[in-house]
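Chains, contacts and geometry: an overview
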Amino acid sequence: MRSVITGIGVDLIEIERVALACQKEGFLNRCFTEDEIKLIDNKWSKAAGNFAVKEAVAKMFGTGFRKISLKEIEVLRDELGRPYVNLYGNAAKLAHEQEITTIHVSITNTKEYANAFVVGEKLC
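If you're wondering where the values come from, they're calculated on a predicted model, not measured in any experiment.

1. Brief notes about the overall build of the chain
- A count of helices and strands for the chain gives five helices and five strands.
- Secondary structure elements of the chain, listed N to C terminal, follow the sequence β-α-α-α-α-β-β-α-β-β.
- For the chain, whose C-alpha radius of gyration is 14 Å, the value lies close to the compact-globule estimate of 14 Å for 124 residues.
- By its C-alpha atoms, the chain is 45 × 25 × 25 Å across when sized along the principal axes.
- For the chain, the proportion of its 124 residues judged to be buried stands at 43%.
- Only carbon and sulfur atoms are counted for the fraction: they give 51% of the accessible area of the chain, which is about 7,200 Å².
- In the chain, 17 positive and 17 negative side-chain charges are present, and the distance between their average locations comes to 3 Å.

Next up, the structure:
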């Protein structure tokens, strides 16, 4: 069995822009799951990284956010700090339709910017 890349996505975002938006409680609750909000814990570079991943995943699907919402893409970290994605609702349905079995995630940031890169993969 081999794997095939189904799509890629990349996003770059200003951390300060996300920090300002996160000052409004409505933004956090509209964009992030409860577990993400706990993970972010007022660390705005982490919020920006998660937001960038959500944007990159929507690009990987090739749909943008026309068919999915931000909260349907959850970005968490494993015990080593490696980011991973959980999909819910329409995002999970879209991944199933596109036969995506794995989403690889990379996040990096500088003082000013957060960048995310994702690769969707399916088994053949």
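And the narrative resumes.
2. Thoughts on the environment of lysine 43
- Within the secondary structure layout, lysine 43 lies in the loop between α3 (34-40) and α4 (44-61).
- Classification of lysine 43 by relative accessible area gives partly exposed; the value is 41%.

3. Quick notes on the side chain of asparagine 50
- Its location among the elements puts asparagine 50 in helix α4.
- From its side chain, asparagine 50 meets the backbone oxygen of valine 75 in a polar contact 2.9 Å long.
- Excluding its chain neighbours within four sequence positions, the residues that come into contact with asparagine 50 are Phe32, Glu36, Leu39, Val75 and Arg77.

4. Some remarks on the sheet that holds strand β5 (residues 113-123)
- Taken in spatial order, the three strands of this open sheet run β1-β5-β4, and their pairing is antiparallel. Either end of the sheet is taken by a strand with one partner, and the two such strands are β1 (3-14) and β4 (102-109). Recorded for the sheet is a direction-independent mean angle of 15° between the axes of neighbouring strands.
- Pairing geometry for β4 and β5, over eight bridges, is antiparallel. Bridging from a neighbouring strand, serine 106 pairs with phenylalanine 117 of β5.

5. Regarding the environment of glutamate 16
- As for its position among the elements, glutamate 16 is in helix α1 (residues 15-22).
- The sequence separation of glutamate 16 and valine 4 amounts to 12 residues, and the corresponding C-alpha distance is 36 Å.

6. Concerning unusual backbone geometry
- Although it is not a glycine, aspartate 41 adopts a positive phi angle of roughly 45°.
- Looking at where aspartate 41 falls in the secondary structure, it is placed in the loop between α3 and α4.
- Residue aspartate 41 is classed as partly exposed on the basis of its relative accessible area of 48%.
- Non-glycine residue asparagine 42 carries a positive phi angle of around 65°.
- Within the secondary structure layout, asparagine 42 lies in the loop between α3 and α4.

What counts, and at which threshold
- Residues numbered from 1 in each chain as written.
- Predicted model: local features only at pLDDT ≥ 70, side-chain atom pairs only at ≥ 80, totals over all residues.
- Heavy atoms only, no water.
- Helix = DSSP H or I, 4+ residues; strand = E, 2+ residues; numbered from the N terminus.
- Rg over C-alpha atoms; globule rule 2.2 N^0.38 Å.
- Buried < 20%, exposed > 50% of the residue type's maximum accessible area, 1.4 Å probe, protein only.
- Areas by Shrake-Rupley, 256 points an atom, 1.4 Å probe, with all protein chains shown as cover.
- Lys, Arg positive; Asp, Glu negative; His and termini not counted.
- Charge placed at Lys NZ, Arg CZ, Asp CG, Glu CD.
- Polar contact = N/O pair within 3.5 Å; in protein donor to acceptor, adjacent residues only side chain to side chain.
- Contact = heavy atoms within 4.5 Å.
- Pairing = 2+ DSSP bridges.
- Axes fitted to C-alpha atoms, helices over the stretch in contact; angles between N-to-C directions.

Purely geometric numbers; function is a separate question.
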